[in-house]
Amino acid sequence: MNVVIVEGSITIRAQLRALLARERRIRVVGEAACEQSAIEVIARTQPDAVLMDLALQPGSGLRVLRAMRQLGLGARVIVLSNSYYEEMRRACAEHGISGFFDKSHQTEDTLMLLQSWLAPLQTDEHQRQAAVDGLDVPPRGHASFDELADLACDISGCGMAAVGLVDGEQLRLIGNSGLNLRLMPRTRGFCSHLMHYRGLHEVPDTWRDTRFLDHPLVQGAPYVRFYATVPLSLATGEAVGSLCVMDRLPRRLRERQRESLLTLARCAVNELEACRREPLHSEQATSAAMTL
């Protein structure tokens, strides 16, 4: 998870860095001490979360929050303050903050909230990652996965679709339609949180689902309201990613659409199986046979 710290005090910034260093999957990608630099750093780094002090110079953290939303930046924001003002808290809530804590004694609560947003790691994570490492998806191979994403859009009537691989701390979109990106942090992808579900999992309205209500892809571009995903599990059982469809309006899939997306997911798995690297012992055996 990529985090930006916006805090006027050098001492408190250092304390927050030390706090976040206790969680290896959280990375501080930027810091700012004033309003203008905060907006610039957040726009440049596109973090998953922002820890924000309200007492900035000039103006306040509230102006930074407003600017973020106007720029289409959906990062979750945790406000840290020494003073509690109900009016200020309501003003922050209007712009979709995810937490409001007293920085003098609630920093542990801040860390716990950040950790709750991390994608869960399964007990077979090492084996799963080894399976991903064993896939060789060349750049030219993206075309076939892009075609599957296009078909997913056509079948579902959604405006966006993707074929994603969860690779380490990154989500690689090896196929997409309606999305202008190929890579994002693992924590930011819906897929990372849902790929261990069996079958097709549907989120009819993200605004009514507490797991995703304040998600960066919901509060900011591309403003996802509907999401459906099918895990991509190899023949050996490892869930390496997912096929998903998204839309900016809430909806529900019809049964025929669900069945067709499951079929497309099987096609994606077949494509991935074709990308498997040969095990080393097989290559050695082939080499030995060639010398006979």
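As shown above, the structure is provided for reference.
To start, this report covers the structure provided alongside it. Values in this document were obtained by computation on a predicted structure and should not be read as measured data.

Attention now moves to the sheet that holds strand β7 (residues 170–177). In space, the 6 strands of this open sheet follow the order β8-β7-β6-β11-β10-β9, with antiparallel pairing throughout. Across the chains shown, the open sheet's two edge strands, defined by having one partner strand only, are β8 (183–185) and β9 (201–203). Within this sheet the neighbouring strands show an average axis-to-axis angle of 25 degrees, counted without direction. Sheet strands touched by helix α6 (residues 125–133): β6 (160–167) and β11 (239–247). Its angle to β6, the strand with the most contacts, is close to 110 degrees. Contacting β6, β7 and β11, helix α7 (residues 142–156) crosses the sheet at an angle of about 65 degrees to β7.

We now examine the packing of α7 against helix α10 (residues 255–274). It is at 10 Å that the axes of α7 and α10 come closest, and there the two elements cross at 175 degrees. Judged on the interaxial angle alone, α10 and α7 are roughly antiparallel. Contacts between α7 and α10 involve S144, F145, L148, L151, A152, I155 and S156 from the first element and Q257, S260, L261, L264, C267, A268, E271 and L272 from the second. Taken together, the residues that form the contact of α7 with α10 break down as 10 nonpolar, 4 polar and 1 charged.

Right, let's get into the environment of L234. Turning to its location among the elements, L234 is positioned in the loop between β10 (226–233) and β11. The spacing of L234 and N270 is 36 residues in sequence and 8.4 Å in space, taken between C-alpha atoms. What L234 contacts, discounting residues up to four positions off in sequence, is A131, L135, V240, V269, L272, E273 and R276.

Attention shifts here to the packing of helix α2 (residues 35–45) against helix α3 (residues 61–70). Between α2 and α3, the least distance of the axes is 9 Å, while the angle of their chain directions is 30 degrees. Comparing the axis directions of α2 and α3 gives the class roughly parallel. With respect to the hand of their crossing, α2 and α3 are arranged in right-handed fashion. The segment α2 lies against α3, with E35, A38, I39 and I42 engaging R63, V64, A67 and M68. Partitioned by chemical class, the residues of the contact of α2 with α3 number 6 nonpolar, no polar and 2 charged.

What counts, and at which threshold
For every chain, the first residue of its written sequence is number 1, and the numbers climb from 1 along that sequence. Only residues with pLDDT of at least 70 get local features here, since the model is predicted, and only at 80 or more are side-chain atom pairs given and counted; chain-wide, interface and lining totals rely on the full set of residues. With hydrogens and water stripped out, all remaining heavy atoms of the structure feed into the side-chain values. Pairs of strands are assigned from DSSP output, requiring at least two bridges between the strands. For helices the rule is a DSSP run of H or I covering at least 4 residues; for strands it is a run of E covering at least 2, with both sets numbered from the N terminus onward. Axis definition: a line fitted to C-alpha atoms, over the contacting stretch in the case of helices. Angles run 0 to 180 degrees between N-to-C directions. Residue contacts are defined here by distance: any two heavy atoms, one from each residue, within 4.5 Å place the two residues in contact. Roughly parallel refers to an angle under 35 degrees, roughly antiparallel to one over 145, roughly perpendicular to one between 65 and 115, and oblique to any angle outside these ranges. In this classification, the charged set is Asp, Glu, Lys and Arg, the nonpolar set is Ala, Val, Leu, Ile, Met, Phe, Trp, Tyr, Cys and Pro, and all remaining amino acids, among them Gly, are polar. Should the near helix be turned anticlockwise from the far one by less than a right angle, the crossing is left-handed, and should it be turned clockwise, the crossing is right-handed.

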